[in-house]
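This is what each chain is made of:
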Amino acid sequence: MTSKSKGRSLEVTIFLDFMHFTNHVNTVDEENDPLTGHLFSLKGARWRSLRSKLTPVFTSGKIKMMFQTLANCSDDLVSVVDKHIEEVQPIDVKDVVARFTTDVIASCAFGIECNSLKNPNSEFRKYGRKIFEVDMWDSLTRLMTFFLPNLLIYIKIRTFRKDMTDFFVNTVKETVNYRDRNNIIRKDFMHLLIQLKNNVKITDNDIGDLNNKSKMTENIKNDDNKPLLTMNELAAQAFVFLAAGFETSSTAITFCLYELVQNPEFEDLVREEINMILVKYDGKLSYDARSVEHLKTLRKYPPVPIHTRECTKTYKVPGTNIILDKGSLVFIPVLGIQRDPKYYPDPDKFDPERFSEEQKATRHSATWTPFGDGPRACIGLRFGLMQTKFGLATLLKHFKFTLHPKTEIPIVLDLKSFFLAVEKGIWLKAERI
Ligand code: HEM
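Residues numbered from 1 in each chain as written. Predicted model: local features only at pLDDT ≥ 70, side-chain atom pairs only at ≥ 80, totals over all residues. Heavy atoms only, no water.

The name an unreviewed UniProt entry assigns to the protein chain is Cytochrome P450, from the organism Ignelater luminosus.

S.K.: Please explain the site of the ligand as it appears in this structure.
M.R.: The environment of the ligand is formed by 28 residues, the closest being H24, W47, R51, R309 and C378. Within the contact set of the ligand, an oxygen atom lies 2.7 Å away from a side-chain nitrogen or oxygen of R51. One of the side-chain nitrogen or oxygen atoms of R309 is found 2.7 Å away from an oxygen atom of the ligand. The biggest single contributor to the shell around the ligand is helix α13 (residues 231–262), with six residues. Residue classes in the shell around the ligand are distributed as 15 nonpolar, nine polar and four charged. (Near = heavy atom within 4 Å. Polar contact = N/O pair within 3.5 Å; in protein donor to acceptor, adjacent residues only side chain to side chain. Helix = DSSP H or I, 4+ residues; strand = E, 2+ residues; numbered from the N terminus. Nonpolar A, V, L, I, M, F, W, Y, C, P; charged D, E, K, R; others polar.)

S.K.: Sorry if this is basic, but what is going on with the UniProt feature "binding site: heme" (unreviewed entry) in the protein chain here?
M.R.: Here, the residues flagged by UniProt with the feature "binding site: heme" (unreviewed entry) are C378. Considering the arrangement of structural elements, one finds C378 in the loop between α16 (357–360) and α17 (381–398). On the basis of relative accessible area, C378 is assigned to the partly exposed category, the value being 37%. Among all residues touching C378, those that are not within four sequence positions of it are R51 and F371. (UniProt positions renumbered as here; feature names shortened; annotations may be inferred. Buried < 20%, exposed > 50% of the residue type's maximum accessible area, 1.4 Å probe, protein only. Contact = heavy atoms within 4.5 Å.)

S.K.: Sorry, what's going on with the packing of aromatic side chains here?
M.R.: The geometry of an aromatic ring pair comes down to the distance between the two centres and the angle between the two planes. The full count for this structure, using the stated rule, is 24 aromatic pairs. Summarising the aromatic geometry, the rings of F132 and F419 are spaced 4.8 Å apart at their centres and angled 75° between planes, so their arrangement reads as edge-to-face. Residue F132 is located in helix α7 (residues 123–132), and its partner F419 is located in the loop between β10 (399–403) and β11 (427–432); the two are separated by 287 residues in the primary sequence. With relative accessibility at 5%, the residue F419 sits in the buried group. Members of the aromatic cluster, joined through ring pairs, are F110, F124, Y127, F160, F167, F168 and F239. The aromatic ring of W427 is capped on one face by K406, whose charged end is 3.7 Å from the ring centroid. (Phe/Tyr/Trp six-rings, centres within 6.5 Å; stacked < 30°, edge-to-face > 60°. Lys NZ or Arg CZ within 6 Å of the ring centre and 35° of its normal.)

S.K.: Would you explain the pattern of salt bridges in this entry?
M.R.: Oppositely charged side chains can pair when the atoms bearing their charge come close. Under the definition given, this model contains 26 salt bridges. Put simply, D166 and K162 hold a salt bridge, and the shortest N to O gap is 2.7 Å. Placement of the pair is D166 and K162 together in helix α10 (residues 162–182), with a separation of four residues, close to one helical turn. Between D268 and R271 there is a salt bridge whose closest N-O contact spans 3.5 Å. On the criterion of helical spacing, the pair formed by D268 and R271 is a turn pair, its members being three residues apart in helix α14 (residues 264–280). Given a relative accessible area of 36%, D268 falls into the partly exposed group. Among the residues examined, R271 registers a relative accessible area of 9% and is labelled buried. Put simply, D95, R99, R125 and R129 are held in one network by salt bridges that share partners. (Salt bridge = Lys/Arg side-chain N within 4 Å of Asp/Glu carboxyl O.)

S.K.: I would appreciate a short explanation of a nonpolar patch on the surface in the present structure.
M.R.: Taken together, the side chains of L143, F147, L148, L151, Y154 and I155 present a nonpolar region at the surface, about 660 Å² in accessible area. Mapped onto the nonpolar patch, the elements with two or more residues apiece are α8 (136–147) and α9 (149–154). (Patch = residues over 30% accessible without salt bridge, like charges linked within 9 Å, V, L, I, M, F, W, Y side chains within 5 Å. Areas by Shrake-Rupley, 256 points an atom, 1.4 Å probe, with all protein chains shown as cover.)

S.K.: Please clarify how the layout of surface pockets should be interpreted in this entry.
M.R.: In this approach a probe as big as a water molecule rolls over the atoms, and the regions it shows empty are the leftover space. The computed volume of the second largest pocket comes to approximately 670 Å³. K94, R129, E247, D414 and A421 are the residues nearest the centre of the second largest pocket, which is lined by 27 residues in total. Elements with a minimum of two residues in the lining of the second largest pocket: α6 (93–110), α7 and α13. For the lining of the second largest pocket, a count of residues per class yields 12 nonpolar, four polar and 11 charged. (1 Å grid on protein atoms, 1.4 Å probe; cavity = no way out; pocket = protein on both sides within 12 Å on 5 of 7 lines; lining within 4 Å. Points joined across faces, edges and corners; volume = space filled by probe spheres on them.)

S.K.: Where do I start with the nonpolar core in this structure?
M.R.: In a soluble, globular protein the nonpolar side chains are often hidden away together inside. Of all hydrophobic cores here, the largest spans 93 residues; its most connected members are F168, F189, L257, F383, L395 and F401. Among all residues touching F189, those that are not within four sequence positions of it are V57, F58, I63, M66, C108, A109, F241 and F383. Listed in part, the 10 residues of the second largest apolar core include C311, V317, I332 and Y344. (Core = buried A, V, L, I, M, F, W, Y, C linked by side-chain atoms within 4.5 Å.)

S.K.: Got a minute to help me understand the side chain of D95 in this structure?
M.R.: With respect to the helices and strands, the residue D95 is situated in helix α6. Looking at D95, its side chain comes within polar contact range of the side chain of R99, at 3.0 Å. Setting aside anything within four residues of it in sequence, one finds D95 in contact with R125 and R129.

The structure is reproduced here in structure tokens:
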């Protein structure tokens, strides 16, 4: 919807009026379908309370603390590309980087080494892929999620299949019990979630000093004496960090490489920038060296092409006669807005200059929302950017990429996919630098 209201379009209005559009459009049935009780799906007061407990998990201090865990996965990424070069095979770039981001999130959110780069058929990768595989049945339940959510709960139809739920819940339970029993502390999301399960509030100033529990934390309990996070709630959050974290970042890396190989001058520019930063940081990619600036492809290819909101309080769109009743579902066309020539003239042109401070100042901020906007925006933005930039910098530091003829041009977007995806994939050739 793009109807104008006194100079601001409807999609802008919806972000600004959060009190009327608090929820995402998802079904939550924690009893029958425990993985649905995650931050992305929860509504109203339950969402608000969980968001405030989880916000300290994603501060820059905590993300910095996880950098080394993330960096440990990069050697395998380089080895996989080397293997493709050796075997003269085209690289299905989305598959390779999704295995990298799966390894990173499995390690940071679940605390396990799933090694999907080394073993593409690992169980973790298998279930990670399944989250977004859509067959006829899934399409039907999704439609019901939108239009008949209560019926879905009433007849106990699950959003996530039982084998997948069992796999993730059991993996989490085993890890939590093992760490609790052996008093194991690791610099990752799982540790912070366990803190919440053990009624330890996470504070902002507990950077890195993980061995000093009393210094980094403050004991508190919920008013109703329940833990801050139950075991099932903990599993659902680890699950959403995977679901929201691996496919988004791998999509961002994939489309960025695609755009760079079509604009080799930019590929060289980005590599130059990486090398300059490396000189500054003793040749190592470190957390402080993450600030690669020229990666501006989230406009043309936002990994989440549509934002959803449920109208939670009847709303009159300012300056129009449009009334949105409570319960209406709103879909915000991110891809459409970010390719709208009204905001971005010659929209298919890849031009990082559009993001200069001067040019940014000419647009409303809601014309660029790959991470959403308002209080419901992506909580994992910092981590997502860190792993996206780190993955890209690792690849561009070691390899020069070109398009493989197996890529069908023009690319055709896969309309069945929840995230932005290309029907027949993006295939690249790599050579060592
Ligand atoms: C390039 C990477 C990423 C992109 C493009 C992205 C994008 C998004 C978008 C568009 C939303 C919905 C925002 C809205 O409705 O306004 C969202 C929400 C969310 N994202 Fe991300 N995301 C990324 C990485 C991550 C990572 C790495 C994590 C976790 C480790 C994560 C966790 C979440 C969660 C939990 C929510 C729900 C927030 C809430 O409802 O309160 N995301 N993300």
